[in-house]
Amino acid sequence: MANTTTLTDEQLVKAYAQGSNEAFDTLLKRHQDRIFNYILRIIKNEDIANDIFQETFVKAIQTIRNGRYTENGKFPAWISRIAHNLIIDYYRQEKSENLQSADLTDIDVLNRKELCEQTIEDIMVTDQIKADVKLLIEELPELQRQVLRMRYYQNLSFKEIAEITGVSINTALGRMRYAILNLRRIAHEKDIVLTL
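Position numbers for residues start from 1 in each chain and track the written sequence from start to end. Under the rules for a predicted model, residues below a pLDDT of 70 receive no local features and side-chain atom pairs below 80 are neither given nor counted, while totals for whole chains, interfaces and linings still include all residues. Only hydrogens and water are set aside; all other atoms, that is, all heavy atoms of the structure, feed into the side-chain values.

### A few points about the nonpolar core
Soluble, globular proteins show a tendency: their nonpolar side chains are buried together.
Item 1. Nine residue types can take part in a nonpolar core, namely buried Ala, Val, Leu, Ile, Met, Phe, Trp, Tyr and Cys, and a core is a set of them joined through side-chain atoms within 4.5 Å. Relative accessibility under 20% of the residue-type maximum defines a buried residue, over 50% an exposed one, and the middle range a partly exposed one, all with a 1.4 Å probe and only protein chains included. Of all hydrophobic cores here, the largest spans 46 residues; its most connected members are Phe 24, Ile 39, Phe 57, Ile 64, Phe 75, Trp 78 and Ile 79.
Item 2. Working definition: helices are DSSP H or I runs of at least four residues, strands are E runs of at least two. Numbering for both runs from the N terminus. At the level of secondary structure, the elements contributing two or more residues to this core comprise α1 (9-17), α2 (21-43), α3 (46-65), α4 (75-97), α5 (120-138), α6 (142-153), α7 (158-165) and α8 (169-189).

### Section: a nonpolar patch on the surface
Item 1. Like-charged residues are merged into a patch within 9 Å and nonpolar side chains (Val, Leu, Ile, Met, Phe, Trp, Tyr) within 5 Å, provided each residue has over 30% relative accessible area and no salt bridge. The method behind every accessible area is Shrake-Rupley, applied with a 1.4 Å probe, and residues are considered shielded solely by the protein chains displayed. One speaks of a salt bridge when a side-chain nitrogen belonging to Lys or Arg is within 4 Å of a carboxyl oxygen belonging to Asp or Glu. Among the surface-exposed residues, Ile 120, Ile 123 and Met 124 lie close enough to one another that they form a single nonpolar patch of about 290 Å² accessible area.
Item 2. Position of Ile 120 relative to the elements: it lies in helix α5.

### Considering the packing of α1 against α3
Item 1. In the contact formed by α1 and α3, the axes pass within 9 Å of each other and the chain directions differ by 70 degrees. When the axis of α1 is compared with that of α3, the two are roughly perpendicular. From α1, Val 13, Tyr 16 and Ala 17 reach across to α3, where they touch Ile 61, Ile 64 and Arg 65.
Item 2. Any residue outside Ala, Val, Leu, Ile, Met, Phe, Trp, Tyr, Cys, Pro, Asp, Glu, Lys and Arg is labelled polar, Gly included; the first ten of those are nonpolar and the last four are charged. Counted by class, the contact of α1 with α3 contains 5 nonpolar, no polar and 1 charged residues. Interaxial angle, 0 to 180 degrees, is taken between N-to-C directions of lines fitted to C-alpha atoms, where a helix line uses only the stretch in contact. Each angle gets one of four labels, with under 35 degrees taken as roughly parallel, over 145 as roughly antiparallel, 65 to 115 as roughly perpendicular, and the rest as oblique. Should any heavy atoms of two residues lie within 4.5 Å, those residues are counted as being in contact.

### Some words on the packing of aromatic side chains
Describing an aromatic ring pair means giving the distance of the ring centres and the angle of the ring planes.
Item 1. When the centres of two rings from Phe, Tyr and Trp lie within 6.5 Å, Trp using its six-membered ring, the rings pair. Their planes under 30 degrees apart give stacked, over 60 give edge-to-face, and anything left gives tilted. For the coordinates displayed, the defined rule picks out 8 aromatic pairs.
Item 2. Ring centres of Tyr 90 and Tyr 91 lie 5.3 Å apart, and the angle between their planes is 65 degrees; this geometry places the pair in the edge-to-face category.
Item 3. A relative accessible area of 39% places Tyr 91 in the partly exposed class.
Item 4. Put simply, the rings of Tyr 16, Phe 24, Phe 36, Phe 53 and Phe 57 touch in pairs and so form one group of aromatic residues.
Item 5. Between the NZ or CZ atom of Arg 65 and the centre of the ring of Tyr 16, over which it lies, the distance is 4.2 Å.
Item 6. The criterion is that NZ of a Lys, or CZ of an Arg, lies within 6 Å of the ring centre and within 35 degrees of the ring normal, and then a charge sits over that ring. Here the basic side chain of Arg 177 rests over the ring of Tyr 178, its NZ or CZ set 5.3 Å away from the ring centre.

### Considerations on the pattern of salt bridges
Item 1. With the rule as written, the count across this model stands at 6 salt bridges.
Item 2. Residues Arg 149 and Glu 138 are paired through a salt bridge, measuring 2.3 Å at the closest nitrogen-oxygen approach. Remark: Glu 138 occurs in helix α5 and Arg 149 occurs in helix α6; sequence separation between them is 11 residues.
Item 3. A salt bridge links Arg 145 to Glu 142, with the nearest nitrogen and oxygen atoms 2.4 Å apart. Taken together, the residues Arg 145 and Glu 142, both in helix α6 and 3 residues apart, mark about one turn of the helix.
Item 4. Residue classification places Glu 142 among the partly exposed residues on the basis of a relative accessible area of 44%.

Written as structure tokens, this is what we have:
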């Protein structure tokens, strides 16, 4: 494809849907600062804002690739709405996790499992889950395994992963998505439960 920077957002979306990763990279560069600053302004935590930012563009990738993008001429508003909905989801989750009130006399707020020391059984189950995850990761294709390790074990951002591996952010996000889907599939096939 020729110079993608001269194309409109809608032309870039269409080009990306037809397989041009360069088109999505241009969309990302064009809108990343505005979207990230919007999320950070509301969340006020850079790590969480980074996670929501990355999830915003993963959702955009999935929607465009699945042919469900229909917002003709309104890509900035559409991507902002995705970010906004993810922010709302984050706050809903935070609210549900912190819903217990200390005013209720029949509930001891401090008597919660997450505040207690782990039992030997909890430690054994956690160790087994970690061992299972390591085995599952080994079954992934090398490129998916690489991006998963960099993201979860080295705590690198997708931008850093893209720079280190010499691929676009879009490709790094795609590899992570497929790695997670494959982990779930392999765990299901092997009947492995990865929760306490």
